[in-house]
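Geometric and topological summary
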Amino acid sequence: VTSMYYAYGNCINLTGSPVCGPNVTDMIGAYSGCSNLTGSPVYGDKVIEMGGAYRYCYNLTGSPVCGPNVKSMSETYYYCNNLTGSPVCGEKVTDMTHMFSVISSLTLLDLSHFNVSNVQSIGSIFSYSYIPSLNLNNWKLDNVSYYDDLFTNSNINTLSINNLEGMIIPQEGT
């Protein structure tokens, strides 16, 4: 199996820790809506697409680690209210739009270790989220061209940003 495209979408009775096989490359929406999944997801090294893989998995916990070849993390942890650790992702990620949107129960989200050097899109990454402490130190965003609404309607008590380098600021009229 190479594609898990919405394979278990909305399986609300599915429990445990999600696992993907060693040959899977596409996890788009694979466990979307599986609200009773718990534990840290386990990914294979061949996964490239994870858009919405765990969207609406309200009870997903732990520190997810994505494989080294993942490019799209768009909406991956959208509405994952119980993540207890900080996800670890590879340097090939290019799309992080809405990655942590609409999350209300996190206690800490340390993303300072993320290698975001290839990210092109981070629009709405933290929109509508409650995150008491957020660490974005050392992010270098030279390649980001879409970053609209990063913190729209978010409640972030402590935000650490000491090196947001390279943001491409659009010129008026372009």
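Quick summary incoming for the structure in this document. (Residues numbered from 1 in each chain as written. Predicted model: local features only at pLDDT ≥ 70, side-chain atom pairs only at ≥ 80, totals over all residues. Heavy atoms only, no water.)

Turning next to the pattern of salt bridges. Proximity of charged atoms lets side chains of opposite charge pair with each other. Under the defined criterion, the tally for this structure stands at one salt bridge. Two residues, Glu75 and Arg55, come together in a salt bridge whose shortest N-O distance is 2.4 Å. Of this pair, Glu75 sits in the segment before strand E1 (109–110) while Arg55 sits in the segment before E1, and the two are 20 residues apart along the sequence. Here Glu75 falls in the partly exposed class, since its relative accessible area comes to 22%. (Salt bridge = Lys/Arg side-chain N within 4 Å of Asp/Glu carboxyl O. Helix = DSSP H or I, 4+ residues; strand = E, 2+ residues; numbered from the N terminus. Buried < 20%, exposed > 50% of the residue type's maximum accessible area, 1.4 Å probe, protein only.)

The phi angle at Tyr79 is positive, at roughly 65°, despite the residue not being glycine. Positionally, Tyr79 belongs in the segment before E1.

With that settled, consider the pairing of strand E2 (residues 130–135). Where E1 lies against E2, two bridges are found, and the strand directions are parallel. Within the sheet, the bridge partner assigned to Asp110 lies in E2 and is Asn135. As defined by bridge partners, E2 adjoins strand E3 (residues 155–160) across five bridges and the pair is classed as parallel. Directly across from Leu134, in E3, lies its bridge partner Leu159. (Pairing = 2+ DSSP bridges.)

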